[in-house]
Amino acid sequence: MNNKKKIIIILAMILLTAASRLVEHPFNFTPIAAMALFAGCYLKRWWGIVFPLGAMLVSDYFLGFYDWQVMASVYFSFILTFAIGWYLSRRLKWYNVFSASLSSSIAFFLITNFAVWAFFDWYPHTWSGLINCFTLALPFFRNTFLGDLVYSGLLFGVYEFILVLSAKKFFASAKI
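**Q** Mind showing me how you'd approach the layout of surface pockets here?
**A** Any space left empty among the atoms is revealed by the rolling of a water-sized probe across them. Of the voids in this model, the largest pocket is the one considered here, and its volume is about 860 Å³. If you trace the largest pocket, you find 30 residues lining it, with Phe27, Asn28, Val74, Phe108 and Phe140 closest to the centre. If you list the elements that add at least two residues to the lining of the largest pocket, you get helix H2 (32-42), helix H3 (47-63), helix H4 (68-88), helix H5 (94-119) and helix H6 (127-173). Looking at the lining of the largest pocket residue by residue, the classes come out as 20 nonpolar, seven polar and three charged.

Given below as structure tokens:
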């Protein structure tokens, strides 16, 4: 399969992933981090981060924007996830995809909940307030991690399956 076809498939998968954000789903069980991880792994140029963030921005437009500080922390965590995907690209094994997915889930949890604690008055701005914020966010972390794991498995698995099928077609049609 040539690079142009690969890029079209990758971009189509990213668009479908972003669109799936618009359907009803459990809290934090979304494909967005998996999309950023996948894009980081397979789209290494600068537009590899612009495309997923743009897709996220479009879906945020339809879902409704929220507090800019928390929104900035969400986008920053996905930029970090893209970087994790870029690092993953040279070590692509199923267990590394699992580790990268877990790492991105933890980063998202820490960054976004710290922003909630720092920019809202929901929790006292003390050490115990920060611990309380993280503690109360743990049920959301479960869904974040499960969503990242499931969608990462789907994106990476489907893409690798497509590559294997394409290679089989190529060798079946070649006269060796």
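**Q** What am I meant to see in the packing of H4 against H5 here?
**A** Angle between the axes and distance between the axes are the two parameters that describe a pair of packed helices. In the contact formed by H4 and H5, the axes pass within 9 Å of each other and the chain directions differ by 160°. Relative to H5, the element H4 is oriented roughly antiparallel. Crossing of H4 over H5 shows right-handed handedness. Of H5, the residues touching H4 (which contributes Gln69, Val70, Ser73, Val74, Phe76, Ser77, Phe78, Leu80, Thr81, Ile84 and Leu88) are Asn96, Val97, Ala100, Ser103, Ser104, Ala107, Phe108, Ile111, Thr112, Ala115, Val116 and Phe119.

**Q** How should I be thinking about the environment of Ala100 in this particular structure?
**A** The topology assignment puts Ala100 in helix H5. Each C-alpha atom of the pair Ala100 and Ser152 lies 9.3 Å from the other, and the pair is 52 residues apart in sequence. Excluding anything up to four places from it in sequence, Ala100 contacts Leu37, Ile84 and Leu88.

**Q** Could you clarify how one ought to interpret the packing of aromatic side chains in this entry?
**A** Any aromatic ring pair is given by two values, namely how distant the centres are and how the planes are angled relative to each other. On inspection of all chains with the given rule, the structure shows 14 aromatic pairs. Arranged with centres 5.4 Å apart and planes meeting at 45°, the rings of Phe114 and Trp117 form a pair that is tilted. In this pair, Phe114 and Trp117 both sit in helix H5, three residues apart, roughly one turn of the helix. By relative accessible area, which is 40% here, Phe114 ends up partly exposed. Note on Trp117: relative accessible area 13%, which makes it buried. With centroids separated by 4.6 Å and ring planes inclined at 15°, the aromatic side chains of Phe120 and Trp122 adopt a geometry described as stacked. Classification of Trp122 as exposed rests on a relative accessible area of 60%. Positioned over the ring face of Trp86 is Arg90, at 4.1 Å from the centre of the ring. Taking NZ or CZ as reference, Arg91 lies 3.7 Å from the ring centre of Tyr87, over its face.

Conventions and cut-offs
- Residues numbered from 1 in each chain as written.
- Predicted model: local features only at pLDDT ≥ 70, side-chain atom pairs only at ≥ 80, totals over all residues.
- Heavy atoms only, no water.
- 1 Å grid on protein atoms, 1.4 Å probe; cavity = no way out; pocket = protein on both sides within 12 Å on 5 of 7 lines; lining within 4 Å.
- Points joined across faces, edges and corners; volume = space filled by probe spheres on them.
- Helix = DSSP H or I, 4+ residues; strand = E, 2+ residues; numbered from the N terminus.
- Nonpolar A, V, L, I, M, F, W, Y, C, P; charged D, E, K, R; others polar.
- Axes fitted to C-alpha atoms, helices over the stretch in contact; angles between N-to-C directions.
- Parallel < 35°, antiparallel > 145°, perpendicular 65-115°, else oblique.
- Left-handed = near helix turned anticlockwise from the far one by under 90°.
- Contact = heavy atoms within 4.5 Å.
- Phe/Tyr/Trp six-rings, centres within 6.5 Å; stacked < 30°, edge-to-face > 60°.
- Buried < 20%, exposed > 50% of the residue type's maximum accessible area, 1.4 Å probe, protein only.
- Lys NZ or Arg CZ within 6 Å of the ring centre and 35° of its normal.

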